[in-house]
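# Working through the structure, step by step
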There are 2 protein chains.
Amino acid sequence: MSSSANPTTPPVQSIQRAVAIMRCFTEAEPELGVTELSKRLNLHKSTVSRMLTTLQQERLVDKNPETGKYRLGLGLISLAGVALGRLNARAAAQPYLNDLVETTRETVNVAVLDRGECVNIERAFSPQPIRYMGWIGRRTPLHCTASGKALLAGLTAEERTAVLPTPLPAYTPKTITDMNILTQSLAQIDRQGYAIVNEEYEAGFSSIAAPIRNHLGQVMATLAISGPTYRLEGETITTFITPLLQMTRQISADLGYRVM
Amino acid sequence: MSSSANPTTPPVQSIQRAVAIMRCFTEAEPELGVTELSKRLNLHKSTVSRMLTTLQQERLVDKNPETGKYRLGLGLISLAGVALGRLNARAAAQPYLNDLVETTRETVNVAVLDRGECVNIERAFSPQPIRYMGWIGRRTPLHCTASGKALLAGLTAEERTAVLPTPLPAYTPKTITDMNILTQSLAQIDRQGYAIVNEEYEAGFSSIAAPIRNHLGQVMATLAISGPTYRLEGETITTFITPLLQMTRQISADLGYRVM
DNA sequence: GATTAGGTTTCATAATACGCAACAAATTGG
DNA sequence: CCAATTTGTTGCGTATTATGAAACCTAATC
């Protein structure tokens, strides 16, 4: 039977269009008008207007009464809540996050792999005013974030090739874009059991992550500690290794993973 | 122009159907098959199958490889993350939630009003093993939850009539179903500035909530402390009044609300 | 006040989504 | 182990829906 990668069934165009409309709304641009969406998606204004009206009826978008513009609606939050609720790694990790925040005083995140990206599914924020704000749902690349690399390190070479873009995009001057160098780096991460990334994805931002394993030993999520480089640089981030690994071992054990 | 309650534009049926499919997945039933969805929604199997394929391509559902059944996908989480990101009350409340959990040792939630329901938009869980697990996105009724009543108390009589169902459904023997009694109760809540609910929505469950106001003094969200009745009954829940009100005043002040 | 821009609605029709039937694969029960 | 049943997918023709064009309404701009 065909996989989703090579569908023989033509997709339902109206659903694709509706999702494309919703995906135009971002953290940077939370509100958009009919005409703007029409231009971006190359759809007629009347098509966009009708679709927005239906999405609004279904609570997936709403209209800001003050600006008259559309934005994503709270109905998405309820659906997402159901989607999050089935993630075992999230439930397993959640009781430990605040302890790790207290120990490190930095933001802690849980992330999973989804279709070539790293998706945050849980987080506990640092109490410090300058902190990493990785919100739930945020997607980041795999090859230049600590969580992403920890996820990649748990994949076979084949799986890795399937999820990584070619060429690897550069996000900062420090991003590794050579596949061989990345592969070697991932082998090292697999051996040592954690990944550290300094400013490969975003200037001034560093993090350390380790895998969370299921009862079969497969990497199902990662636990990461993130913050501004000026606070983590030097030896500071290495002091997080032990508490991080202790925590991921505990969480993995809660999920049934036994080291043989 | 017509509101979403009385649309003159016919809705896009395919979008409605797709959303109906997604809404079949719940916390209680996170995985469903094509035939089951077909029966529930009275749609042909081939229609459901095609729609699920497109939703899967768009990451709003995925297929559990172990069971072959469909479930809500992580793509929803990213959209919901954007939706949550625009909620000022949530961002304003978030730094205070852990303090309130430490003070009360109970679960703390932030909720907003959305189309006749109370929706959780933030939460910090109690560290105790028996605790209220109000997940983000969870929807609860207005007339029998503390958050719901705190939201209702901030509405005009007209607005209230618009959002409340008639008759008021009973969830437990303690649910108030008489509109006059509810109205009097809400007037009292408005005067005292907080709502307490004991087992009106769910047996064994109680909570206290207070409104979060914006710069105009309008109730935009609520902050609630919830837990099992056996821990909160008697005088315990009243000891939460002062810390809760202090916190909602602080959060409201952060949002620009000034008591005249 | 005129013009422009954004958004909505009516209408005819082009194109899509649909149901039906057939088929393939998986599951169930004897 | 095999037949029967159930589930899910796909090809096809067409009924129905979604669509774009045009007209209209409202708000914003000059």
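Here is what the cut-offs are and how they apply
- Per chain, residue numbering runs from 1 following the sequence as it is written.
- Each chain is given a letter, starting from A, and each ligand a number, starting from 1, according to the order in which they appear as written.
- pLDDT decides what is reported in this predicted model: residues at 70 or higher carry local features, side-chain atom pairs at 80 or more are listed and counted, and totals for whole chains, interfaces and linings draw on all residues regardless.
- In computing side-chain values, all of the structure's heavy atoms are included and hydrogens and water are not.
- Helix and strand definitions here come from DSSP, where helices need a minimum of 4 consecutive H or I residues and strands a minimum of 2 consecutive E residues; each element is numbered from the N-terminal end.
- We call two residues contacting when some pair of their heavy atoms lies within 4.5 Å.
- By definition, pLDDT measures how confident the predictor is in each residue, and it falls between 0 and 100.
- Under the scheme applied here, a residue whose accessible area is under 20% of the maximum for its type counts as buried, over 50% as exposed, and between as partly exposed, the area being computed with a 1.4 Å probe on protein chains only.
- When DSSP finds at least two bridges between two strands, those strands are taken to pair.
- Basic side-chain nitrogens of Lys or Arg form a salt bridge, by our definition, when they fall within 4 Å of a carboxyl oxygen of Asp or Glu.
- Whenever two N or O atoms come within 3.5 Å, that pair is a polar contact, provided that in protein one can donate a hydrogen and the other can accept it, and provided that, for residues adjacent in sequence, both atoms are side-chain atoms.
- Under the grouping applied here, Gly and all other residues not named as nonpolar or charged are polar, the nonpolar ones being Ala, Val, Leu, Ile, Met, Phe, Trp, Tyr, Cys and Pro and the charged ones Asp, Glu, Lys and Arg.
- Copies are brought into register by a least-squares superposition over C-alpha atoms of residues with pLDDT of at least 70 in both.
- Exposure above 30% relative accessible area and the lack of any salt bridge qualify a residue for a patch; like charges then connect within 9 Å, and the nonpolar side chains Val, Leu, Ile, Met, Phe, Trp and Tyr within 5 Å.
- Here the accessible surface of atoms and residues is derived via Shrake-Rupley with a 1.4 Å probe, and residues count as covered only by protein chains that are part of the display.
- Residues scored as charged are limited to Lys and Arg (positive) and Asp and Glu (negative), so that His and the chain ends carry no count.
- Every charge is mapped onto a representative atom, which is NZ of Lys, CZ of Arg, CG of Asp or CD of Glu.

## Describing the side chain of B:S147
With respect to the element layout, B:S147 can be found in helix α6 (residues 146-153). Residue contacts for B:S147: discarding those within four places in its chain leaves B:A111, B:C118, B:A209, B:T222 and B:A224.

## Re the confidence of the model for chain A
Mean pLDDT for chain A: 92, with 97% of residues reaching 70 or above. Segment residues 1-6 of chain A is flagged for pLDDT under 50; beyond a separation of four residues in sequence, or across chains, it makes four contacts in the model.

## Quick look at the pairing of strand β4 (residues 117-124) of chain A
All names here are of chain A. Burial analysis of β4 places seven of its eight residues in the buried class, which makes it a mostly covered element. Here strand β3 (residues 107-114) pairs with β4 via seven bridges, running antiparallel. Within β4, the position partnered with N109 by the bridge is R123. Bridge count between β4 and strand β5 (residues 139-140): two bridges; the pairing is antiparallel. In the strand pairing of β5, V119 is matched with R139.

## Section: the interface of chain B and chain A
Counting from both sides, the interface comprises 59 residues of chain B and, opposite them, 59 residues of chain A. Our enumeration of links across chain B and chain A arrives at eight salt bridges. Two residues, A:R123 and B:E122, come together in a salt bridge whose shortest N-O distance is 2.9 Å. Connecting chain B to chain A are 19 residue pairs in polar contact (both at pLDDT 80 or more). Every element with two or more residues in the side of chain B that touches chain A is listed here: α1 (13-24), α3 (45-57), β1 (61-63), β2 (70-72), α4 (75-85), α5 (88-104), β3 (107-114) and β4 (117-124) of chain B. The leading source of residues in the side of chain B that touches chain A is α4(B), at ten residues. Partitioned by chemical class, the residues of the side of chain B that touches chain A number 27 nonpolar, 16 polar and 16 charged.

## Thoughts on the relation of the copies chain B and chain A
When chain B is fitted to chain A, the best match, at an RMSD of 0.1 Å, comes from turning it 180 degrees and sliding it 0.0 Å along the axis. What we have between these two chains is a two-fold relation. Residue by residue, 100% of the interface of chain B is reproduced at the interface of chain A, so both copies engage with the same surface.

## Notes on the sheet that holds β4(A)
Residues and elements named next belong to chain A. Pairing is antiparallel across the open sheet formed by six strands, whose spatial order is β5-β4-β3-β8-β7-β6. On the outer flanks of this sheet lie β5 and β6 (195-198), each paired with one strand and no other. Alignment of strand β7 (residues 205-213) against strand β8 (residues 219-228), held across nine bridges, turns out to be antiparallel. The residue of β8 that forms the bridge with S206 is G227.

## Quick word on the sheet that holds strand β6 (residues 195-198) of chain B
Read from one edge to the other, the open sheet built from six strands follows the order β5-β4-β3-β8-β7-β6 (chain B), with strand pairing classed as antiparallel. Two strands lie at the open edges of the sheet, namely β5 (139-140) and β6 of chain B, each paired on one side alone.

## With respect to the pattern of salt bridges
Two side chains of opposite charge can pair, provided their charged atoms sit close to one another. Evaluated as defined, the whole model comprises 30 salt bridges over all chains. For A:E36, the salt bridge is made with A:R40, and the minimal N-O distance between the two is 2.7 Å. Within this pair, A:E36 and its partner A:R40 are both found in helix α2 (residues 34-41), separated by four residues, close to a single helical turn. The exposure class assigned to A:E36 is partly exposed, which follows from its relative accessible area of 33%. Across the pair B:D114 and B:R139 runs a salt bridge whose closest N-O atoms are separated by 2.7 Å. Within this pair, whereas B:D114 is found in strand β3, its partner B:R139 is found in strand β5, the two being separated by 25 residues in sequence.

## Things to note about a negative patch on the surface
Together, A:D99, A:E102, B:D99 and B:E102 give the surface a local cluster of negative charge. Only α5 (88-104) of chain A together with α5 of chain B provide two or more residues apiece to the negative patch. Structurally, A:D99 is set in helix α5. On the basis of relative accessible area, A:D99 is assigned to the partly exposed category, the value being 41%.

## Some remarks on unusual backbone geometry
Between A:T166 and A:P167 the backbone carries a cis peptide bond, its omega angle lying at 0 degrees. Not every positive phi belongs to a glycine, and A:R59 is a case in point at roughly 70 degrees. Mapped onto the fold, A:R59 is located in the loop between α3 (45-57) and β1 (61-63). For A:R59, a relative accessible area of 24% puts it in the partly exposed group. A positive phi angle, near 55 degrees, is found at B:R115, a position not held by glycine. Along the chain, B:R115 falls in the loop between β3 and β4. B:R115 sits in the partly exposed class, given a relative accessible area of 33%.

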